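Reading the structure
What follows is each chain in one-letter form.
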Amino acid sequence: MSYSAAGQGKNSSGKRRISDLLTQSDNRVCADCSAPDPKWASANIGVFICLKCCGVHRSLGTHISKVLSVTLDEWSDDEVDSMIEIGGNASANSVYEAFIPDGVSKPGPDASHDQRMQFIRSKYEHQEFLKPSLRITSVKGSNSSSSQQPVKSSFQLKNSMNLDIALSLLISWWQHLEGMVEFIGLLKVTLKKGTNLAVRDMRTSDSYVVLTLGQQTAKSTVMKSNLNPVWNEELMLSVPHDYGSVKLQVFDYDAFSGDDIMGEAGIDIQPLITSAMAFGDPEMFGDMQIGKWLKSRNNALIEDSIINIADGKVKQEVHIKLQNVESGELELELEWLRLDQ
């Protein structure tokens, strides 16, 4: 199966543009707490943020803040263009923090999760620090499938001098503010390698993995012509309060027709989360086993999956046999990240 590198080249160019923007002095600290060296961004708001504030942004839902890793995630052209157009933290904060009232302090790098949550929700969800003329007076009746023109009509922007920047910065508000999802943590999945994956082309496959949790999906890079791919790639998912199993699917990339399925499996994350929450802060403990997901005929495990505290982190090694396919195994590592971590 031929595989064009054009898409990868375009994405690489976009990441370079984001990396260049990150080198600007105002973008070298988190837009919300001023922690140094932020590695995350809210693509629709246009700010660079640290890991701790990233957790709060994810809890707001993607209709308010779409969080992407500067280095790990794939960025669309629109997302890159939006960040470049806004210009980063200084430009965004000039709007979102235009009028911070007396008595309200911006959190610092060592602020608690509750302090971050209160400030970030006030800043982006409630728009309490915007100029009054730029505040959204109504978003009711907006439609998630609307084009940019209906989005404009959802805002009552009275200050024409600031229309362009306001629209760019506030475009994330065009979906309903109702129906926010509460998140309890982040799941980092390190996709290590696949073994003896199924053939879907003449003699090989261009394989990639898709993880799904609720309405979220995370997709790995495509490994061209490889039935034993080694990814060593990190994928991130936000875990809602009412979470279920992570659905894992492997596909064969096809440039000219629909991608072919190469197997699937369900990953039960409850043992990991239950164990992690039972022990609280893992940095208070030495290396130790704290839980286990047992192999059974009802799951895809090849062997029992052990949950450990290692180097102050809660991790779980998972070795699965792909289901509904003739062959294939995957090795993963799960890591639980608290929102206040």
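Residues numbered from 1 in each chain as written. Predicted model: local features only at pLDDT ≥ 70, side-chain atom pairs only at ≥ 80, totals over all residues. Heavy atoms only, no water.

**A closer look at the nonpolar core**
Just so we agree on the cut-off: We define a nonpolar core as any set of buried Ala, Val, Leu, Ile, Met, Phe, Trp, Tyr and Cys residues linked to one another through side-chain atoms lying within 4.5 Å. For each residue, the accessible area found with a 1.4 Å probe, counting protein chains only, is set against the maximum for its type, and the residue is called buried under 20%, exposed over 50%, and partly exposed in between. Only heavy atoms matter for contacts: two residues are in contact if any of them lie within 4.5 Å across the pair.
Counting residues in hydrophobic clusters, the biggest one holds 39 residues, and the most contacted among them are Leu-248, Ile-269, Ile-320 and Leu-330. If sequence neighbours within four positions are ignored, Ile-269 has contacts with Leu-187, Leu-213, Val-239, Tyr-243, Gly-244, Val-246 and Leu-334. Trp-40, Cys-53, Ala-92 and Leu-130 belong to the second-largest nonpolar core, a separate cluster that totals 28 residues.

**Concerning the side chain of Glu-79**
Defined as follows: Each helix is a run of H or I in the DSSP string that is no shorter than four residues. Each strand is a run of E no shorter than two, and both are numbered from the N terminus.
Secondary-structure assignment places Glu-79 in helix α3 (residues 77-86). With relative accessibility at 13%, the residue Glu-79 sits in the buried group. Leave out the neighbours within four places in its chain, and Glu-79 touches Ala-43, Lys-66, Leu-68 and Glu-74.

**A short note on the packing of aromatic side chains**
In this description, a pair of aromatic rings is defined by centroid distance and the angle of the planes. Going by this rule: Centres within 6.5 Å are what make two rings of Phe, Tyr or Trp a pair, Trp counting through its six-membered ring; a difference in plane orientation under 30 degrees is then read as stacked, over 60 as edge-to-face, and the rest as tilted.
Applying the stated criterion across every chain, the model contains four aromatic pairs. With a centroid separation of 5.4 Å and an interplanar angle of 35°, the aromatic rings of Phe-119 and Phe-129 are classed as tilted. Taken together, the residues Phe-119 in helix α5 (residues 113-125) and Phe-129 in the loop between α5 and α6 (148-153) connect sequence positions ten residues apart. The class for Phe-119 is buried, based on a relative accessible area of 4%. What makes Phe-129 buried here is its relative accessible area of 2%. Here the aromatic rings of Phe-279 and Phe-285 are separated by 5.3 Å at their centres, their planes lie at 75°, and the arrangement is edge-to-face. A relative accessible area of 31% means that Phe-285 is categorised as partly exposed.

**Topic: the pattern of salt bridges**
To keep things clear, this is the line we draw: Salt bridge, as applied in this entry: a Lys or Arg side-chain nitrogen positioned within 4 Å of an Asp or Glu carboxyl oxygen.
Scanning all chains against the criterion turns up 14 salt bridges. A salt bridge links Asp-37 to Lys-39; its shortest N-O distance comes to 3.2 Å. Two residues, Glu-317 and Lys-192, come together in a salt bridge whose shortest N-O distance is 2.8 Å. Highlighted residues: Glu-317 in strand β12 (residues 313-321) and Lys-192 in strand β4 (residues 183-195), separated in sequence by 125 residues. Judged by its relative accessible area of 39%, Glu-317 falls in the partly exposed class.

**Examining the sheet that holds strand β6 (residues 216-219)**
Note the following rule: Two strands qualify as a pair provided DSSP detects at least 2 bridges between them. Axes here mean lines fitted to C-alpha atoms, for a helix over just the part in contact, with angles spanning 0 to 180 degrees between N-to-C directions.
Strand order across the open sheet formed by four strands is β6-β5-β8-β9, with antiparallel pairing between neighbours. The open sheet has two edge strands with one neighbour each: β6 and β9 (260-267). Averaged over all neighbouring strand pairs, the angle between strand axes comes to 20°, with direction disregarded. Relative to β9, strand β8 (residues 246-252) is paired through six bridges, and the arrangement is antiparallel. The residue of β9 that forms the bridge with Phe-251 is Ile-261.

On their own, these measurements won't tell you what the molecule is for.
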